[in-house]
Structure formats: C-alpha cells, structure tokens
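Close look at the chain arrangement
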Amino acid sequence: MLITRGYRTQLDLNHQQITLCKQHAGAARWSWNWGLRRKQEVYQQEKRWISAMELHRELNTLKQTEIPWMYEVSKAAPQEALRDLDQAYRNFFRRCDLKKEGKWRGKLGFPKPKTKRKGVGSFRLTGSIHIYEQAIELPRFGRLRLHECGYLPTGGVAVLSATVSEKAGRCFVSVQVSEQVPDPPQAAGPPIGVDTGIKTLAQCSDGRAIANPKALTSELKRIKRLHRWLSRKQNGSKNRAKARQKLARKYARVAYVREDALHKGTSQLTRAQLPPEEREIRKAEIAATLPEPRAKVKPKRGKRSKKESPPEPLPKTIANKVKAKQMKKLLRQARALDAQRRPAVVVLEDLHVAGMRTEPQAGSGNQRCRIRRVQAANGLQNVLARRKPAVGRSLVCFHQTVLWLQPYQRRDRPFRAHLCLRASGLWAGD
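Right, let's walk through the structure included here. (Residues numbered from 1 in each chain as written. Predicted model: local features only at pLDDT ≥ 70, side-chain atom pairs only at ≥ 80, totals over all residues. Heavy atoms only, no water.)

1. Observations regarding the overall build of the protein chain
Here is the rule we go by: Labels follow the DSSP assignment, with helices taken as runs of H or I lasting at least four residues and strands as runs of E lasting at least two, numbered in each case from the N terminus. Per-residue accessibility, obtained with a 1.4 Å probe over protein chains only, is compared with the maximum for each type, and a residue is labelled buried under 20%, exposed over 50%, and partly exposed between these values. Note on definitions: a residue-residue contact is assigned when non-hydrogen atoms from the two residues lie within 4.5 Å. The protein chains shown are the only cover counted for residues, whose accessible areas, like all others here, come from Shrake-Rupley with a 1.4 Å probe.
A tally of regular secondary structure across the protein chain gives nine helices and 14 strands. Within the protein chain, the fraction of its 430 residues that count as buried is 40%. Long-range pairs, those at least 24 residues apart, make up 65% of the contacts in the protein chain with a sequence separation of at least 6. Total accessible area computed for the protein chain in this model is approximately 26400 Å², and 52% of it derives from carbon and sulfur atoms.

In structure tokens, the structure reads:
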C-alpha cells in the first residue's frame, strides 16, 4: 500500500546556514501575520474570505516595492505559510460546525499571530529536494550536513516536502515522503487490556508492565538550579542568553525522554516480542539479503553532460551504520508468521483527557494517539473503554456493558486492565 510518512532528524549547520534558516523562518512568520491581517481586512470590507493564491499574488507585488528582502529567501517558505493559514481557517470553521452540533467541547482555535517569543519558528520547502546518506539538499540552501547518517530514505520514495524547525538551539529537518510498503497481515493474538497510571506508564492484562521514566521528577533538581541561575543574570546580557539556552535544553531533554518512553511502550504493545535468539537469526537473514550501501550520486542533466560514473562504496563505518538502520526498519515490519504473537485488539482506558502534561499522568493521552498511528502499520484494532467520572465512583461503559468501580476499593493494576477487557466484551474471566 502507498503511505505518506515523515522522517525527522537533526542537522549540523554552520553559522551561515543558521542565519539563512532564521531568515526563512522570519519570512514565513511575517507572511503568516500579514496574511492574517489581510484576511480580516478583506472580510470586513467585502464579506468574503481571500484565498492563499490571491494572497500570494499580492505578496509578489509587494516584493517589488515594499519588501525586497523577500527575494533573499525561497519563494516556498512564504507560500507554504499562506497555505497553512488557509488550512487553519478551514479547521476553525469545521470546529464551529461541530460546536453547533454539540460534538466539539474544546476551544475553536481561531488563527493567532506568530511571535518570536515562542521560538524561532519553522518553514517548509518544496521543489527540488535530494537526500543523501550524510546530507540533504534543499532549495536556496544547497547541501546541509545531517547529524545522523542512514536514517532518511535515499531511494524508492517520492519526496513531497521538507520542514526545517528549531528547538532549544538545535535545528531539525522533517522530510515528508510517499513510499510503498507491504500490506500488514492481520494480527490473531489474544486481546489485551491496558491500564495507564502513575507508578508505571501502562499495565497490561497479560502481566507486562511498561515503566514510567518520570523525566521531570528526575531532572527537577537541576531545573530549579538553572532557574535560579537564570534569575541572577542581568536582562539583555549574553550570560542571560546562555543560561536561557541551557534551561531550554534541559526542558527539551525531558520532552525527549517522555517521547522515547511512549515510542518504546507502544512498540511493545503493537509489535511481536521476539526472543533474543530468534531476533539474532532474523537479523542474520535480513543482513544476507541487503545489498552493500553505496553513495548516492546526483544525476546530471543536459545534452552535453558526461556519462554518470557508478556510485562509489561508502566508508566502512558509515556503511555499517546505514546497514544497521535498514535492518532495524525491516525487522519492525509485521509478518504473517508473528500473527499469533501480536494482539488482535488493544483495549485502552479512556480518561476523556485531551493531553496529559503533568508528571503523574504523563503519557496516557499521547500513548493513545501513538497506538492509533501504529495500529494501521501492524494490522491491529484499537478499542477505547469509556470511563466517565460520577459521584463517588467511576463508570466504565463500552458495548452496552456498564461496570462500576468504587474508588480506593481495588488498587490492583492487573485487575483494572482485565476490567477494560471485560467492559469491551472481549474477556470472560472471573
């Protein structure tokens, strides 16, 4: 089947490339704010919504007179920002319709102006994008060195766009590609119930427990020290900028640890757990079928261009890294032989929480979203066991089955995990 997937990795940029990235991010931010003002002005005057294409035509006219600095960046950055603004308006009106029908409870999310206070920002580029083993070539940038080699796909995919973003002083590139993957075989294993909690990130009905790293708690002492260090620095000084950068990196590390725990936890729930001996055997089989990685050569165009030389082999250290990444990707693919090892249905406890950011509840909302994304690639079915708060007790309701839980009566996590299965009608235990 044909899927659209994103690959995100870190960039290693020099000072000139970082300056160019900031220029593109500023152009995209300025285009968003200008387009938002123009949309509001046109609606007040003409009672209609101006499209992104009309805004781009006006922007091209302004480039010749008022904003000539816009020629220093790629045209894709402001153009994609205006398209994102159009999509934000469509999402706002869609939520308004759902609000009238009583199907939307959150904020409607009208587009707001962007500011540098929340970060440098990001921009998206389209057009001629080439991916190599150690670099990526973007319009107006040329080749940018990658921090990790062998992760981005170099062949067999159609590159749609590339988004460059910044977080805590580090630049990342996210490449959206369209690739062909084999259809996942349907899982046939017994269903499992998952109870999300505090001490452990998740407790399964089959006895498995996914540990909670508690990233914020472990880093809280260092974060407090960095906050005190930042408060003692003079406003506008370089030392204050350095302290702010260190604090931002510490918060970014907390987010990375949580994200890593969610990815590993959902992989344990949705993929087949292989014994170490069988895993080594499969690695050897995959390594025997993989060709020796070679450096990708950019094709030369033109009638007078010389004949292309064959690609040269990569250095041994880089070739081993590229081959290890390819093996890891093929090892994660679902197989028909592992159908009995993968659960056919994963029943999650739904707490009716959009996102959980505090330490005790870290990850249950994000974990549910992550499992929904992974289930399609592994042939699984995802079920939510509704749990709504009531007076003095909690209600678990699914498939016309209502079960009542007295708070503080049963604190056994495996019992609650089995309760999710019973509520969905997939478990008939005692």
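2. Re a positive patch on the surface
Our working definition: Patch membership needs two things, relative accessible area over 30% and no salt bridge, and members are linked within 9 Å if like-charged or within 5 Å if nonpolar (Val, Leu, Ile, Met, Phe, Trp, Tyr). Salt bridge criterion: a side-chain nitrogen from Lys or Arg within 4 Å of a carboxyl oxygen from Asp or Glu. In this tally, Lys and Arg are treated as positive and Asp and Glu as negative; His is ignored, and so are the chain termini. Charge positions come from single atoms, namely NZ of Lys, CZ of Arg, CG of Asp or CD of Glu.
A contiguous patch of positive charge, built from Lys-221, Lys-224, Arg-225, Arg-228 and Arg-232, is present on the exposed surface. With respect to the element layout, Lys-224 can be found in helix H4 (residues 215-231).

3. With respect to the nonpolar core
One recurring pattern in soluble globular proteins: nonpolar side chains tend to sit buried together. Note the following rule: In these notes, a set of buried Ala, Val, Leu, Ile, Met, Phe, Trp, Tyr and Cys residues joined through side-chain atoms within 4.5 Å is what counts as a nonpolar core.
In terms of nonpolar packing, the biggest core is built from 26 residues, with Leu-11, Phe-123, Ile-136, Leu-138, Phe-141 and Val-173 touching the most fellow members. Apart from the residues within four sequence positions on either side, Ile-136 is in contact with Leu-11, Ile-129, His-130, Ile-131, Gly-142, Arg-143, Leu-144, Leu-146, Leu-152, Val-173 and Val-175.

4. Here's the deal with the sheet that holds strand S2 (residues 122-125)
Quick note on the threshold: Here, strands pair whenever DSSP counts at least two bridges between them.
In spatial order, the strands read S2-S6-S7-S1-S5-S4-S3; together these seven strands make up an open sheet with antiparallel pairing. Each of the sheet's edge strands pairs with one partner strand only, and the pair in question is S2 and strand S3 (130-131). Where strand S6 (residues 157-167) lies against strand S7 (residues 170-180), 10 bridges are found, and the strand directions are antiparallel. Bridged to Val-164 within S7 is Val-173.

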